[in-house]
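# Observations on the three-dimensional arrangement
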Amino acid sequence: MIGLGTLMRHAHELMDGAIAEIYADHGLPDYRPRFSPVVRALVADGPMTIGALSKAIGVSHSAASQTVVQMRRAGFVTLEKGADARHRIVHLTGKARAALPLIEAEWAATTRAMAELDAELPAPLAEVMAATVSALERRPFRERIGDLESFT
């Protein structure tokens, strides 16, 4: 029997992989779909700290930091020291700005593809995932599992 975690990862790989192929087909093999929320946030709100970026895109500080490191290595962002030496400000590069038309077109096409996929599902995937996250924030999964001592 295939576990839920395996199914979730596989669905994500199928969708994310398809998007990555689009970028590779258009000459951006080093662009990852996970970069798009960062790019869109920086376009909308301008340069910001990694902490502000993590809040803007709804991920942990660690996840935002890891994505920014990958983006910097690929040449899509630069980091500059902020007024406080502990903070670094994330800026888009010319390479990222040149890719904006493709990024926006992919985002719109992905939104349309998700609507089509949602029509085939018993409930919209984003709604199910948002409800899942909310339920887990109200009562963490660890709490739901309980102590292993109670199982022995």
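Now for a quick tour of the structure. Computed from a prediction, not measured in an experiment: that's the story for all the values here.

## Here's the deal with the nonpolar core
In terms of nonpolar packing, the biggest core is built from 26 residues, with Tyr 31, Leu 42, Leu 53, Phe 76 and Val 90 touching the most fellow members. Every element with two or more residues in this core is listed here: α1 (4-25), α2 (36-45), α3 (50-57), α4 (61-74), β2 (77-81), β3 (88-92) and α5 (94-120). Sort the elements by how many residues they give to this core and α5 lands first, with five residues.

## What to know about the environment of Ala 96
One can find Ala 96 in helix α5. Through-space distance from the C-alpha of Ala 96 to that of Glu 106 is 14 Å; in sequence the pair is 10 residues apart. Contacts of Ala 96, omitting those with residues within four sequence positions, involve Phe 76 and Ile 103.

## Quick word on the pattern of salt bridges
Applying the stated criterion across every chain, the model contains four salt bridges. Between Arg 40 and Glu 104 there is a salt bridge whose closest N-O contact spans 2.8 Å. Of the two residues, Arg 40 sits in helix α2 while Glu 104 sits in helix α5, which places them 64 residues apart along the sequence. By relative accessible area, which is 27% here, Arg 40 ends up partly exposed. Look at Glu 104 and you get partly exposed, because its relative accessible area is 37%.

Rules behind the numbers
Residues numbered from 1 in each chain as written. Predicted model: local features only at pLDDT ≥ 70, side-chain atom pairs only at ≥ 80, totals over all residues. Heavy atoms only, no water. Core = buried A, V, L, I, M, F, W, Y, C linked by side-chain atoms within 4.5 Å. Buried < 20%, exposed > 50% of the residue type's maximum accessible area, 1.4 Å probe, protein only. Helix = DSSP H or I, 4+ residues; strand = E, 2+ residues; numbered from the N terminus. Contact = heavy atoms within 4.5 Å. Salt bridge = Lys/Arg side-chain N within 4 Å of Asp/Glu carboxyl O.

These results come straight from atomic positions and should not be treated as a statement about function.
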